[in-house]
Amino acid sequence: MNPLEALWAALEALAINKVRSTLTMLGVIIGVATVILMVALGQGARTYVTREFAQLGANVLIIQSGKTERSDGFTPSMTTARKLTYEDAVALKRRALFLEEVVPAIIGSAKVKHMNRSRDVIVQGVTPANQFLFRLSMEAGSFLTHQDVEARRQVVVLGPRVKRELFGEEASLGQIVTLADIRYRVIGVIRPRGVLLGFDFDDLVFIPVRTAQTLFGIKHIHQIRASVEAPAFIDQASDQIKAILSRRHGNQEDFHILSQGAVLSALTNVIDILTGLLAGIAGVSLLVGGIGIMNIMLVSVIERTKEIGLLKAVGARKRDILLQFLVEAMILSLIGGIIGIIIGVAGAGLIPFFFAKVPTEVPFWAILLAFTSSVAIGIFFGTYPARKASMLDPIAALRHE
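The rules behind these values
- Residues numbered from 1 in each chain as written.
- Predicted model: local features only at pLDDT ≥ 70, side-chain atom pairs only at ≥ 80, totals over all residues.
- Heavy atoms only, no water.
- Axes fitted to C-alpha atoms, helices over the stretch in contact; angles between N-to-C directions.
- Helix = DSSP H or I, 4+ residues; strand = E, 2+ residues; numbered from the N terminus.
- Parallel < 35°, antiparallel > 145°, perpendicular 65-115°, else oblique.
- Left-handed = near helix turned anticlockwise from the far one by under 90°.
- Contact = heavy atoms within 4.5 Å.
- Nonpolar A, V, L, I, M, F, W, Y, C, P; charged D, E, K, R; others polar.
- Salt bridge = Lys/Arg side-chain N within 4 Å of Asp/Glu carboxyl O.
- Buried < 20%, exposed > 50% of the residue type's maximum accessible area, 1.4 Å probe, protein only.
- Pairing = 2+ DSSP bridges.
- Arc of directions from axis to C-beta.
- pLDDT = per-residue confidence, 0-100.
- Patch = residues over 30% accessible without salt bridge, like charges linked within 9 Å, V, L, I, M, F, W, Y side chains within 5 Å.
- Areas by Shrake-Rupley, 256 points an atom, 1.4 Å probe, with all protein chains shown as cover.
- Core = buried A, V, L, I, M, F, W, Y, C linked by side-chain atoms within 4.5 Å.
- Phe/Tyr/Trp six-rings, centres within 6.5 Å; stacked < 30°, edge-to-face > 60°.

Visitor: Where do I start with the packing of helix α3 (residues 86-95) against helix α8 (residues 234-248) in this structure?
Guide: Relative orientation and spacing of two packed helices are given, respectively, by the angle between their axes and the distance between those axes. Where α3 meets α8, the axes come as close as 10 Å, and the angle between the chain directions of the two elements is 135°. When the axis of α3 is compared with that of α8, the two are oblique. The hand of the α3/α8 crossing is right-handed. Across the interface between the two elements, Glu87, Asp88, Ala91, Leu92 and Arg95 from α3 touch Ile241, Ile244, Leu245 and Arg248 from α8. Looking at side-chain class alone, the contact of α3 with α8 contains 5 nonpolar, no polar and 4 charged residues.

Visitor: Just checking my understanding: could you explain the pattern of salt bridges for this structure?
Guide: Pairing between side chains of opposite charge can happen when the charged atoms of each approach one another. Inspection of every chain in the model, using the stated rule, returns 7 salt bridges. Arg153 is the partner of Asp148 in a salt bridge, and the nearest nitrogen-oxygen pair spans 3.0 Å. Asp200 is the salt-bridge partner of Arg161, the closest N and O atoms lying 2.6 Å from each other. Within this pair, whereas Arg161 is found in helix α6 (residues 160-167), its partner Asp200 is found in strand β9 (residues 199-200), the two being separated by 39 residues in sequence. Relative accessible area serves as the criterion here: at 24%, Asp200 is assigned to the partly exposed category. Through salt bridges with shared partners, one network takes in Arg119, Glu165 and Asp203.

Visitor: Help me understand the packing of helix α11 (residues 318-354) against helix α12 (residues 364-390), please; the structure alone is not making it clear to me.
Guide: Running from N to C, α11 and α12 cross one another at 155°; their axes reach a closest spacing of 7 Å. The pairing of α11 with α12 is recorded here as roughly antiparallel in orientation. Between α11 and α12 lies a crossing whose hand is right-handed. Here the residues of the contact of α11 with α12 are counted per class, giving 17 nonpolar, 7 polar and 2 charged.

Visitor: Please clarify how the pairing of strand β3 (residues 117-126) should be interpreted in this entry.
Guide: Sheet analysis places strand β2 (residues 99-114) next to β3, joined by 9 bridges and oriented antiparallel. Across the sheet, residue Gly108 finds its bridge partner in β3, namely Val123. As consecutive antiparallel partners, β2 and β3 are separated by 2 residues, and within that stretch Met115 has a phi angle of approximately 55°, a positive value. Summarising the sheet, β3 and strand β10 (residues 204-208) pair through 5 bridges and their orientation is parallel. Of the residues in β10, the one forming a bridge with Val123 is Val205.

Visitor: Got a minute to help me understand α6 in this structure?
Guide: Note that an α-helix has 3.6 residues per turn; residues three or four places apart therefore point the same way. Buried within α6 we find Pro160, Val162, Lys163, Leu166 and Phe167. In an axial view of α6, the angular spread of the buried residues amounts to 160°, which keeps them on one side of the axis. On the buried face of α6, the contacting elements are β2, β3, β5 (155-158), β6 (176-179), β7 (182-190) and β10. One or two positions beyond α6, positive phi appears at Gly168, with a value near 65°.

Visitor: Just to check I follow, could you spell out the confidence of the model for the protein chain for this structure?
Guide: Detailed reading of the predicted coordinates is not advisable wherever pLDDT is low. Of the residues in the protein chain, 83% have a pLDDT of 70 or more, and the chain-wide mean is 82. Ranking the elements of the protein chain by mean pLDDT puts helix α13 (residues 394-399) last with 59 and β5 first with 96. Confidence drops under pLDDT 50 across residues 69-80; counting only partners more than four residues distant or on other chains, this segment forms 23 contacts.

Visitor: Just to check I follow, could you spell out helix α7 (residues 209-216) for this structure?
Guide: Burial runs high along α7: 6 of the 8 residues are buried. Among all positions of α7, only Val209, Arg210, Thr211, Ala212, Gln213 and Leu215 are buried. Looking one or two residues beyond α7, the residue adopting positive phi is Gly217, at roughly 65°.

Visitor: Looking at this structure, how should I read the pairing of β5?
Guide: Regular strands show a simple pattern: their side chains alternate between the two faces of the sheet. Residues Val155 and Val157 line one face of β5 and the alternating positions Val156 and Leu158 line the opposite face, and both faces are buried. By the bridge criterion, 2 bridges tie β5 to β10 in an arrangement that is antiparallel. Across the sheet, the residue bridging to Leu158 is Val205, located in β10.

Visitor: Explain a nonpolar patch on the surface here, please?
Guide: Among the surface-exposed residues, Leu350, Phe353, Phe354, Phe355 and Val358 lie close enough to one another that they form a single nonpolar patch of about 570 Å² accessible area. Mapping Phe353 onto the fold places it in helix α11.

Visitor: I'm lost on the nonpolar core in this one. Help?
Guide: Nonpolar side chains in soluble globular proteins generally cluster together in the buried interior. Grouped together as the largest cluster of nonpolar side chains are 42 residues, with contacts concentrated most on Leu92, Leu99 and Leu179. Filtering out sequence-adjacent residues up to four positions away, Leu92 remains in contact with Ile63, Leu99, Val102, Ile224, Ile241, Ile244 and Leu245.

Visitor: Looking at this model, I keep getting lost on the environment of Val103. Mind explaining?
Guide: Note on placement: Val103 falls in strand β2. With relative accessibility at 0%, the residue Val103 sits in the buried group. For the pair Val103 and Leu92, spaced 11 residues apart in sequence, the C-alpha separation works out to 9.8 Å. Apart from residues no more than four positions distant in its own chain, Val103 is found in contact with Val126, Thr127, Ala129, Asn130, Leu133, Gln223, Ile224 and Arg225.

Visitor: Help me understand the packing of aromatic side chains in this model?
Guide: Aromatic ring pairs are described here by two measures, namely the spacing of the ring centres and the angle between the planes. Throughout the structure, instances matching the rule amount to 6 aromatic pairs. Seen in terms of ring centroids, Phe98 and Phe233 are 5.5 Å apart; in terms of plane orientation they differ by 45°. Their pairing is tilted. One end of the pair, Phe98, is in the loop between α3 and β2; the other, Phe233, is in the loop between β11 (223-228) and α8, with 135 residues separating them in the sequence. Geometrically, the ring pair formed by Phe134 and Phe201 is tilted, given 5.1 Å between the ring centres and 55° between the ring planes. Of this pair, Phe134 sits in the loop between α4 (129-133) and β4 (138-141) while Phe201 sits in the loop between β9 and β10; the two residues are 67 residues apart in sequence, bridging distant segments of the chain.

Visitor: For this particular structure, what's the right way to read the side chain of Asn130?
Guide: With respect to the helices, strands and loops of the structure, Asn130 is situated in helix α4. With sequence-adjacent residues up to four places away left out, Asn130 is seen in contact with Val103, Leu136, Phe143, Phe206 and Arg225.

Shown next, in the form of structure tokens:
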């Protein structure tokens, strides 16, 4: 029996029991589709995070209070010997030659109100350099100025969503809003920017950093944001920051520096691990599908014992019987794998249609992996039933009831 004859014989045998063959393939279909969906979600999340960081650039550093011994970009604690100050940011701007923009920042929340409309918002106290650091463009008016910062002026720049909810279609420039019951004059509205560093810039309000100190009743700042001329100078810039701030803090390195590359690397590593775990869990259903194929093939061997005995009686060799049953198992897993791939890819494409904020991306290697896995499942779980069929004694098989 040549491979083509074995193929036709296997197809005929499977066609006789269409319902059973379909139910057998169902385990493989579900397993393959689930693996592809899990990988698509993980890969989509990885691409989304990378794209978001790319919008900001790989040359941004975030300096925060608190010393950490970890090197993966995350901070387990925020204990400090000395908090960052506005003067620290000024010193970095003057002395750190590798830094371009330096932004002292305060982050808090307050209720913003205009007339009878109000809502809670995230307030960022910053300097004019924040506009260039985050590439903010103005929809109306202007951003903060150095005079606003030094004079502690009560002026505010609104995110587009905040402006729309407070003023609707009315002009907002020159209007008065209150933050924590303190009057502020609107001097600008930024263009839609989206989410960066975990903040929805469309839903923020910006005020001068010195004014923010007064608003929140603090003398320190929460972080210093800085940009480097090029990613290649990140290490040199970090060394300069450490030297300058350590000297100002009594020779103590009671702060830590987060680079975009470190944070991105840590996040993508976490996403990759989660993707692998989810795909592994989904792979269990693929394993169950393979066991289902083996069970059905064993049942098929018992049902067709007389047929096997007859084939051997007319000259069929062990390898012919082995090939026929192995091809049947491979066809079941292969067709199931192909259908599973189609369902998985289609499902990954439909998820963003129904859930716009859930990104998916199906890499070619995931499809290739799913295809080869389904073939391997057929070979692995089909070998034992096929071998059992080939080892049957022809006389005993013909007498089987």
